[in-house]
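Residues per chain, in single letters:
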Amino acid sequence: MPRPNFQQYISAHPDKVLVLDGGQGTELENRGIDVANPVWSTVPFISQDFWSDKSSSDRAIVHGMFQDFLRAGAEILMTTTYQTSFKSVGENTPIKTLDEYNTLLDRIVQFSRDCIGEEKFLIGCIGPWGAHVCAEFNGDYGPAPQEIDYYGYFKPQLDNFFANDNLDLVGFETIPNIHELRAILSWDESILSKPFYIGLSVHENGKLRDGSSMHDVAQLIRDRGDRLNKNLTLIGINCVSFNHSAGIIEEIHKELPDMPLIAYPNSGEVYDTVKKVWNPNSNPQFTWDAVVKRYLDAGARIVGGCCRTTPDDIRQIADAVKKYAA
Ligand SMILES: [Zn+2]
């Protein structure tokens, strides 16, 4: 294995900041894959042709996306498995059994590894419970979020990813609800048995989407004390507003000064909620250069982009990381 253990790597290279890839789901859409489906960016992998026909056009598109992110400077990349929970796949595709599901995940991970080569780090990406009911941006987990069986929901994907040596890190992404966060933090090293991170889904006002403050979030982590899972390697934010992201990272850093952070917001575009269109960000205070500098000053160790970020964004991030990382 040419790659070191990810957590050891992070602590042995305290000045290293890794450039992550960009928003894969939206990038696959930009490149012509129709992801309007409950399993979203998992769609290309569901077709048997993807695996049997080496010249399939979807195969070339996914491969091309990884190559472009690598060329832009990405050093750590993600599998496109955000909507690939056993429940989502089982309810919305012909894949029904655990055996078939494990074959699907094994194939996606191996394909992603083959695309990026043995040297780069690979993250197994896991969307939140809310992703299967479209609640990751409002945090509304119904009347009894504390009673949801989060472990039952995640278990098939966890069992697969934590046993797969092709994955260096597992990422829980876009977590919007404090009960879900508490559940993840309660799973010990026998379940989350390799390095993992948690990306929070945070509102522009700096609160978790369910209204919890970053202080509440940090308190949950501090309260774990010695029982905090040793494999928790980073915490941070993903798919949050670009313009608000640096302030949120700074707030988390104030609360958890020793914790390595991860930041990958949306693109710098600003969503017009009335016209329902994305407009370019014309505020000169917020460029990748300026925002990445603030992330790094606040302890970020992995920086990249989420939805609507492209290889061009990743290139700008890589340039800023080169400029500001010590
Ligand atoms: Zn996103």
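Quick caveat: nothing in here was measured; it's all calculated off a predicted structure. (Residues numbered from 1 in each chain as written. Predicted model: local features only at pLDDT ≥ 70, side-chain atom pairs only at ≥ 80, totals over all residues. Heavy atoms only, no water.)

**Overview of the UniProt feature "domain: Hcy-binding" (unreviewed entry) in the protein chain**
Mapped onto the present numbering, the UniProt feature "domain: Hcy-binding" (unreviewed entry) falls on residues 6-321. A distance of 19 Å separates the end C-alpha atoms of residues 6-321, which is 42% helix and 14% strand. (UniProt positions renumbered as here; feature names shortened; annotations may be inferred. Helix = DSSP H or I, 4+ residues; strand = E, 2+ residues; numbered from the N terminus.)

**Considerations on the UniProt feature "binding site: Zn(2+)" (unreviewed entry) in the protein chain**
Feature annotation in UniProt assigns "binding site: Zn(2+)" (unreviewed entry) to the following positions: Cys239, Cys306 and Cys307. For this annotated set, covering 69 residues, all C-alpha atoms fall within 6.2 Å of each other, a compact arrangement in space. Within the secondary structure, Cys306 sits in the loop between strand 10 (300-303) and helix 13 (311-324). Those residues in contact with Cys306 that sit more than four places away from it in its chain are Gly22, Gly23, Asn238, Cys239, Tyr264, Pro265 and Asn266. Structurally, the position occupied by Cys307 is in the loop between strand 10 and helix 13. Aside from chain neighbours lying at most four places away, what touches Cys307 is Gly23, Thr26, Trp40, Cys239, Asn266 and Ser267. (Contact = heavy atoms within 4.5 Å.)

**With respect to the sheet that holds strand 4 (residues 169-175)**
In space, the 8 strands of this open sheet follow the order 1-10-7-6-5-4-3-2, with parallel pairing throughout. Of all the strands in the sheet, the pair left with one neighbour each is strand 1 (18-19) and strand 2 (76-78). Here strand 5 (residues 196-200) runs beside strand 6 (residues 232-238); their pairing, made up of 5 bridges, is parallel. For Ile198, the partnering residue across the bridge sits in strand 6 and is Ile235. (Pairing = 2+ DSSP bridges.)

**Quick notes on the coordination of the zinc ion**
Summarising the metal site, the zinc ion is bound by the protein donors Cys239 (SG), Cys306 (SG) and Cys307 (SG), whose distances to it range over 2.2 to 2.4 Å. In terms of primary sequence, the donors binding the zinc ion are separated according to C-x66-C-C. (Donors = N, O, S within 2.8 Å, 3.2 Å for Na, K, Ca; no water.)

**Structural notes on unusual backbone geometry**
One non-glycine residue, Cys134, adopts positive backbone phi at about 55°. Tracing the chain through its elements places Cys134 in the loop between strand 3 (121-126) and helix 8 (150-162). For Cys134, a relative accessible area of 63% gives the class exposed. Unusually for a residue other than glycine, Cys239 sits at a positive phi of about 55°. (Buried < 20%, exposed > 50% of the residue type's maximum accessible area, 1.4 Å probe, protein only.)

**Side note on the packing of aromatic side chains**
The final tally for this structure, using the stated rule, is 21 aromatic pairs. A centroid spacing of 5.2 Å and a plane angle of 85° characterise the contact between Tyr153 and Phe154, whose relative ring orientation is edge-to-face. Linked through ring pairs, Tyr151, Tyr153, Phe154, Phe172, Trp187 and Phe196 together constitute an aromatic cluster. Across the ring face of Tyr324, the terminal group of Lys293 is positioned such that the distance to the ring centre comes to 5.8 Å. (Phe/Tyr/Trp six-rings, centres within 6.5 Å; stacked < 30°, edge-to-face > 60°. Lys NZ or Arg CZ within 6 Å of the ring centre and 35° of its normal.)

**Points about the pattern of salt bridges**
In total, this model carries 14 salt bridges according to the counting rule given. Between Asp168 and Arg113 there is a salt bridge, with the nearest N and O atoms lying 3.2 Å from each other. One end of the pair, Asp168, is in the loop between helix 8 and strand 4; the other, Arg113, is in helix 7 (residues 98-116), with 55 residues separating them in the sequence. Judged by its relative accessible area of 0%, Arg113 falls in the buried class. The closest approach of N and O atoms between Glu269 and Arg308, which form a salt bridge, is 2.9 Å. Within this pair, whereas Glu269 is found in the loop between strand 7 (261-264) and strand 8 (270-272), its partner Arg308 is found in the loop between strand 10 and helix 13, the two being separated by 39 residues in sequence. (Salt bridge = Lys/Arg side-chain N within 4 Å of Asp/Glu carboxyl O.)

**Describing the pairing of strand 7**
Judged by which residues are buried, strand 7 turns out to be covered on both faces: Leu261 and Ala263 on one side and Ile262 and Tyr264 on the other are all buried. By the bridge criterion, 4 bridges tie strand 6 to strand 7 in an arrangement that is parallel. Bridging across to strand 7, Asn238 finds its partner in Tyr264. Of the crossover connections in this fold, the one passing from strand 6 over helix 11 (residues 242-255) to the parallel strand 7 is right-handed. With 3 bridges joining them, strand 7 and strand 10 adopt parallel strand pairing. The residue bridging Ile262 from the neighbouring strand is Ile302, located in strand 10. (Right-handed = clockwise from strand over helix to strand, strands pointing away.)

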